[in-house]
Amino acid sequence: LRRDERDARAPLASARLSALGARGSLWHRPDLVLWPRAGECLPTAVEVELTVKAPRRLEEICRAWARARCVAGAVYVAAPNVEPALARAIARAKAHERVVVVPLAVVVDGSSVPLAAVVEGSSKSPATLGDACAREPSQGARTLSGRGSTS
């Protein structure tokens, strides 16, 4: 992702943090990017949170994902002990429309919980999280289309 963003000279699936370092803006890159097919949609950032981060840092990252326009949104796959801290960070960052939480058990156990029920406290369902597809072209698809695979 870092290489592709450097080549494109633009963020493809990273979020700009508000803190500035000596080299300018700091970027947060997701653990995984779900790339759509070319021309279909914006990518989705996936974060896997197994341990609790410092509250301010987690809030800053959630706020950055809420502001990031190069992604449809961010999905956090969170361990049970992390979910309360993550929910607080999302609420403080007012990021509930662009950041959703999926319990780790849903992913690990293959639990048959309806995905709409997973997006607790969000005014947008997972289906509408990706509705940016209809409004914005995917920078990632444009950049990666010449490389054969966009997934």
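Placed above this text is the structure.
Enquirer: Explain the nonpolar core here, please?
Expert: The nonpolar side chains of a soluble globular protein tend to be buried, and buried together. Residues Cys62, Trp65, Tyr76 and Leu86 are the most contacted members of the largest nonpolar core, which totals 29 residues. For this core, the secondary-structure elements that each account for two or more residues are strand 1 (15-21), helix 2 (55-67), strand 5 (73-78), helix 3 (83-93) and strand 6 (99-103). Counting residues per element, this core draws most heavily on helix 2, at 6 residues.

Enquirer: What exactly am I supposed to notice about the sheet that holds strand 5 here?
Expert: Note on sheets: strands pair through backbone hydrogen bonds, and any given pair is parallel or antiparallel. Ordered by their spatial adjacency, 4 strands build an open sheet running 3-4-5-6, and the pairing between neighbours is mixed. The sheet terminates laterally at strand 3 (32-34) and strand 6, the two strands that pair on one side only. Ignoring strand direction, the axes of neighbouring strands in this sheet form an average angle of 25 degrees. Pairing between strand 5 and strand 6: 5 bridges, direction parallel. Paired with Ala74 across the two strands is Val99, which belongs to strand 6. In the packing of helix 2 onto the sheet, contacts are made with strand 4 (44-49), strand 5 and strand 6, and the angle to strand 5 comes to roughly 145 degrees.

Cut-offs and rules
Residues numbered from 1 in each chain as written. Predicted model: local features only at pLDDT ≥ 70, side-chain atom pairs only at ≥ 80, totals over all residues. Heavy atoms only, no water. Core = buried A, V, L, I, M, F, W, Y, C linked by side-chain atoms within 4.5 Å. Buried < 20%, exposed > 50% of the residue type's maximum accessible area, 1.4 Å probe, protein only. Helix = DSSP H or I, 4+ residues; strand = E, 2+ residues; numbered from the N terminus. Pairing = 2+ DSSP bridges. Axes fitted to C-alpha atoms, helices over the stretch in contact; angles between N-to-C directions. Contact = heavy atoms within 4.5 Å.

Bear in mind that shape data such as this cannot, by itself, settle questions of function.
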